[in-house]
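# Descriptive structure summary
The chain contents come next:
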Amino acid sequence: MLLQNAAQWPIITSRLAAYRMTQELVTSDYTALPLAWTLRRSARARRLALRVHHDGRVEVVAPRGVGEAMIGHFVHRHREWILHRLAERSAPPGPQAFPPATLEFPALGEGYRIHLTGESGRVKVRRLGHGLLSIDGHAGGGSPEAERHAIQCALLAWLLEHTQTAFEPRVRDLAVWGGFSYRRLQLRLQRTRWGSCSSCGVISLNVCSVFQSPAVVNYLMIHELVHTRYMNHSAAYWREVAAHCKDWRVLDRELSRGWRHVPPWIFAVP
Ligand SMILES: [Zn+2]
């Protein structure tokens, strides 16, 4: 599983709680802000860890047996870091039209203009040669919300398939190059993880990685392939990652901040 690298960061990732940031909070005095977070106990955790999710949720992961006073103190000590990450996350977004006029996939070196054809029938997305995607059809029911939802679903379905097709040969080549074996690759839409590798060798990559740079995606693929040998983040695991990707520290950090490159419509249409 790809969380942030525990060896590198005192603050690591995981799953979470609800925290809704408002513009007022962003510009207020940080020290006076209330901080909402949730606690998850983990049998595997060796030390306290924190994560600020891209949707603003803050979670503390604690080993069993660590007392609440110590956890409270830990959160307090990292308060500034948490608030900094929340403020960074809530930088004002650009104007969001939906469907977007263009789509960029840096991982693939591709960009598309989107053309709405207004044709009848079910909503579907087609790639018309290079650089042009058409969206045909209409949602049943006809409300603007239903229309946008249908377009979002069709775009996501197309994106999953397109990215799967593009990533498959890359993962295969990296596996051959590094001498890794895996069973298959699957692309999924996930809110909190960039990738995972199951004990039976199924590698899952988040389709949102298509919005990251090729170098970051290359690192992500290596990260999961190395998990076919080490189902942990041990020192031996990171040595193996470093042997295949010497810039992994920088790329890992870039990936953990990669949510800002994901267009908001992926998770919720405006
Ligand atoms: Zn991992």
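Residues numbered from 1 in each chain as written. Predicted model: local features only at pLDDT ≥ 70, side-chain atom pairs only at ≥ 80, totals over all residues.

### What to know about the packing of helix α5 (residues 214-226) against helix α7 (residues 248-256)
For clarity, the cut-off: Only the stretch in contact is used when fitting a helix axis, every axis being a line fitted to C-alpha atoms; angles between N-to-C directions are given from 0 to 180 degrees. Secondary structure is summarised from DSSP: a helix means a run of H or I of at least four residues, a strand means a run of E of at least two, and numbering begins at the N terminus for each. To sort the angles, those under 35 degrees are grouped as roughly parallel, those over 145 as roughly antiparallel, those from 65 to 115 as roughly perpendicular, and the leftovers as oblique. Contacts here follow a simple rule: the backbone-placed C-beta atoms of the two residues must lie within 7 Å. For this scheme, ten residues count as nonpolar: Ala, Val, Leu, Ile, Met, Phe, Trp, Tyr, Cys and Pro. Four count as charged, namely Asp, Glu, Lys and Arg, and the remainder, Gly too, count as polar.
Across the interface, α5 lies against α7 with an axial gap of 9 Å and an inter-helix angle of 105 degrees. For the element pair α5 / α7, the angle class is roughly perpendicular. Facing α5, whose interface residues are Ala215, Val216, Tyr219 and Leu220, α7 presents Trp248, Leu251, Asp252, Glu254 and Leu255. Its residues assigned to classes, the contact of α5 with α7 comprises 7 nonpolar, no polar and 2 charged.

### Notes on the environment of Thr228
On the secondary structure map, Thr228 appears in the loop between α5 and α6 (235-244). Note: C-alpha distance between Thr228 and Ile203 (25 residues apart in sequence) is 8.7 Å.

### Side note on the nonpolar core
Cut-off, in case you're wondering: In plain words, the nonpolar core is the set of buried Ala, Val, Leu, Ile, Met, Phe, Trp, Tyr and Cys residues that C-beta atoms within 7 Å link up. Here the C-beta atoms are placed from the backbone, and a residue counts as buried if at least 20 other C-beta atoms lie within 10 Å of its own, exposed if 12 or fewer do, and partly exposed otherwise.
Residues Ala154, Tyr219, Leu220 and Ile222 are the most contacted members of the largest nonpolar core, which totals 37 residues. Counting residues per element, the ones that place at least two in this core are β7 (132-136), α4 (144-178), β10 (202-206), α5, α6 and α7. In terms of residues, this core owes the most to one element, α5, which gives 8 residues. With 10 residues, the next largest nonpolar core counts Leu48, Leu50, Val58 and Leu83 among its residues.

### A short note on the sheet that holds strand β5 (residues 110-116)
The criterion, for reference: Note on pairing: DSSP must find at least two bridges between two strands before they are called paired.
The 4 strands are arranged β4-β5-β7-β6 in an open sheet whose pairing can be described as mixed. The open sheet is flanked by β4 (102-105) and β6 (124-127), the only strands paired with a single partner. If you compare each strand with its neighbour and ignore which way they point, the axes differ by 25 degrees on average. As paired elements, β6 and β7 share 4 bridges and run antiparallel to each other. Note that in β7 the partner of Arg126 across the bridge is Ser134. Set on the sheet, α4 makes contact with β6 and β7; between it and β6 the angle comes to about 40 degrees.

### Section: the sheet that holds strand β9 (residues 195-197)
Either a parallel or an antiparallel arrangement is found when strands of a sheet pair, and the pairing is made through backbone hydrogen bonds. Pairing in this open sheet of 3 strands is mixed, and the strands run β8-β10-β9 from one edge to the other. Each of the sheet's edge strands pairs with one partner strand only, and the pair in question is β8 (184-188) and β9. Averaged over all pairs of adjacent strands, the angle between strand axes in this sheet comes to 15 degrees, irrespective of strand direction. Strand direction decides the pairing type here: β9 and β10, joined by 3 bridges, are antiparallel. Paired with Ser196 across the bridge in β10 is Ser204. With respect to the sheet, α4 is in contact with β8 and β10, its orientation differing from that of β8 by roughly 145 degrees. Contacting β9 and β10, α5 runs over the sheet at an angle of about 25 degrees to β9.

### Thoughts on the pairing of β10
Pairing analysis gives 5 bridges linking β8 to β10, with the strands arranged parallel. When the bridges of β10 are listed, Arg188 appears paired with Asn206. Between the antiparallel neighbours β9 and β10 lie 4 residues, among them Gly201 with a positive phi of about 85 degrees.

### Side note on the pairing of β4
Inspection of the sheet shows β4 paired to β5 by 4 bridges, in the antiparallel sense. Residue pairing for β5: Thr102 is matched across the bridge by Arg113. Here β4 folds back onto β5 in antiparallel fashion, the turn holding 4 residues, of which Gly109 has a positive phi close to 65 degrees.

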